[in-house]
Amino acid sequence: MSKQIKAAAVQFTIKVGDIDANVEHVREALHRLHDEGVQLAVLPEMWSCGFAYKELNELAKRTPEVVEEMGRLSAELNMVLVGSLPEPDGEKVCNTAYVLDKGKLVGKYRKIHLFSLMNEDRAFTGGDSWLLADTSLGKIGVIICYDLRFPELTRRLAVEGAEIIVVPGEWPRPRDEHWRLLLLGRAIENQLFVVAANACGVMGKLDFFGGSMIIGPKGEILAEGGYESCEPAAVLNFAGMESWRQQITCFPDRKPQFY
């Protein structure tokens, strides 16, 4: 029997600075998804508190308890969960995606590319290594929001064996078409699944358009969210991915020595 899993993106309006409200929203969403048979759930970028820069260091102190709660939920619901949170690192803070596999922390990825337009480079310490998490559902590569504009990172994950790329994001208007096209491009050029969770609604001066997506290795859109809070879900068929890679042999035909 070919491997299939059901994946979902949890899209919602993050209440900036309100960890308890955001955790409760996610908890309820994950229980709904469990009832639908979802095994992989991706949460937005900085989902516990948003980019509350003035309170970031204090909010980051609560991240260990948030991770503990998500670990408990992932064990209870038999899920792999991925989403980014402010990680305390001494006096600094990192934008870190945690990968929880049925209760176990199997990897964490610190966002490498910080979005200077929104002063992320002033508030966060950037990461210096990529992550390919070997989970019970397969090999999952993790990138965060602005990382999407740097195809070298996703390609590295694909060459190393990623079957799914997950993308926690807080991607606002007016660049919604960029989000869509870049996600499609990363899926098509690497012939793998992409599961991307964006925030939605107005937060401060920014309007987040949602548009969370699940994309197949041919670039087919398997599920897509609108503007409101939602949990788009789809089945990922790994046999279909392998069949497509055998038809269009992009990986064997690469000539990395020339570029």
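Computed from a predicted structure; not experimentally measured.

### Quick word on the packing of helix H1 (residues 19–35) against helix H3 (residues 63–76)
Interaxial distance between H1 and H3 falls to 11 Å at its minimum, and their mutual angle equals 10°. Taken together, the axes of H1 and H3 are roughly parallel relative to one another. In this structure, H1 uses Ile19, Val23, Val26, Arg27, Leu30 and His31 to contact H3, whose residues at the interface are Val66, Glu69, Met70, Arg72, Leu73 and Glu76. Classifying every residue of the contact of H1 with H3 gives seven nonpolar, one polar and four charged.

### A few points about the pattern of salt bridges
Counted under the stated rule, the structure contains 19 salt bridges. A salt bridge links arginine 62 to glutamate 65; the shortest N-O distance between them is 3.0 Å. On the basis of relative accessibility, which here comes to 27%, the residue arginine 62 falls in the partly exposed class. Here glutamate 65 falls in the partly exposed class, since its relative accessible area comes to 42%. In this structure, arginine 72 engages glutamate 76 in a salt bridge whose closest nitrogen and oxygen atoms are separated by 3.0 Å. Taken together, the positions of arginine 72 and glutamate 76, both in helix H3 and four residues apart, correspond to about one turn of that helix. By sharing partners, the salt bridges in this structure join Glu24, Arg27, Glu69, Arg72 and Glu76 into a single network.

### Quick word on the nonpolar core
In terms of nonpolar packing, the biggest core is built from 48 residues, with Leu40, Ile164, Val166, Leu183, Val194, Val195 and Leu236 touching the most fellow members. Ignoring any residue separated from it by four or fewer positions in sequence, one finds leucine 40 in contact with Lys6, Ala7, Ala8, Val80, Val82, Leu137, Ile140, Ile164, Val166 and Val195. Formed by 37 residues, the second largest nonpolar core is a distinct cluster that contains Leu43, Phe51, Leu73 and Phe124.

### Things to note about the packing of helix H5 (residues 151–159) against helix H6 (residues 176–190)
At their nearest, the axes of H5 and H6 sit 10 Å apart, and the two run at 35° to each other. Considering how the two elements wind past one another, H5 and H6 form a crossing that is right-handed. Together, Pro151, Thr154, Arg155 and Ala158 of H5 and Arg186, Glu189 and Asn190 of H6 make up the contact between the two elements. Here the contact of H5 with H6 is composed, by residue class, of two nonpolar, two polar and three charged.

### Focus on the environment of lysine 3
Topologically, lysine 3 is positioned in the segment before strand E1 (4–9). Expressed as a C-alpha distance, the spacing of lysine 3 and phenylalanine 238, which sit 235 residues apart in the sequence, is 5.6 Å. The residues contacting lysine 3, other than those within four sequence positions of it, are Leu137, Gly138, Glu163, Leu236, Asn237, Phe238 and Ala239. Here the side chain of lysine 3 touches leucine 137 through a polar contact of 3.2 Å, landing on its backbone oxygen.

### Brief notes about the pairing of strand E5 (residues 104–110)
Bridge analysis of strand E4 (residues 92–101) against E5 gives six bridges, and the strand direction is antiparallel. When the bridges of E5 are listed, valine 99 appears paired with glycine 107. The hairpin formed by E4 and E5 contains two residues between the paired strands, and lysine 102 there has a positive phi angle of roughly 50°.

### A short note on helix H7 (residues 238–247)
For H7, the complete set of buried residues consists of Phe238, Met241 and Arg245. Projected down its long axis, H7 shows its buried positions confined to an angular sector of 55°, all on one face. What points out from H7, more than 90 degrees from its buried face, is the exposed set Gln246 and Gln247. For H7, the elements touching its buried residues are E1, strand E8 (164–168), H6, strand E9 (193–197) and strand E14 (233–237).

### Things to note about the side chain of aspartate 101
Note on placement: aspartate 101 falls in strand E4. Separated by 2.7 Å, the side chain of aspartate 101 and the backbone nitrogen of serine 136 make a polar contact. Setting aside residues up to four positions removed in sequence, aspartate 101 forms contacts with Ser74, Met79, Val80, Val106, Thr135 and Ser136.

### Overview of empty space enclosed by the protein
In this structure the tally under the stated criterion is one cavity of 30 Å³ or more. Computed from the structure, the largest cavity encloses a volume of approximately 70 Å³. Surrounding the largest cavity, Leu43, Trp47, Val67, Met70, Leu81, Val82, Gly83, Leu85, Tyr98 and Leu100 form its lining. Only H3, strand E3 (80–89) and E4 provide two or more residues apiece to the lining of the largest cavity. The element best represented in the lining of the largest cavity is E3, accounting for four residues.

What counts, and where the lines are drawn
- Residues numbered from 1 in each chain as written.
- Predicted model: local features only at pLDDT ≥ 70, side-chain atom pairs only at ≥ 80, totals over all residues.
- Heavy atoms only, no water.
- Axes fitted to C-alpha atoms, helices over the stretch in contact; angles between N-to-C directions.
- Helix = DSSP H or I, 4+ residues; strand = E, 2+ residues; numbered from the N terminus.
- Parallel < 35°, antiparallel > 145°, perpendicular 65-115°, else oblique.
- Contact = heavy atoms within 4.5 Å.
- Nonpolar A, V, L, I, M, F, W, Y, C, P; charged D, E, K, R; others polar.
- Salt bridge = Lys/Arg side-chain N within 4 Å of Asp/Glu carboxyl O.
- Buried < 20%, exposed > 50% of the residue type's maximum accessible area, 1.4 Å probe, protein only.
- Core = buried A, V, L, I, M, F, W, Y, C linked by side-chain atoms within 4.5 Å.
- Left-handed = near helix turned anticlockwise from the far one by under 90°.
- Polar contact = N/O pair within 3.5 Å; in protein donor to acceptor, adjacent residues only side chain to side chain.
- Pairing = 2+ DSSP bridges.
- Arc of directions from axis to C-beta.
- 1 Å grid on protein atoms, 1.4 Å probe; cavity = no way out; pocket = protein on both sides within 12 Å on 5 of 7 lines; lining within 4 Å.
- Points joined across faces, edges and corners; volume = space filled by probe spheres on them.

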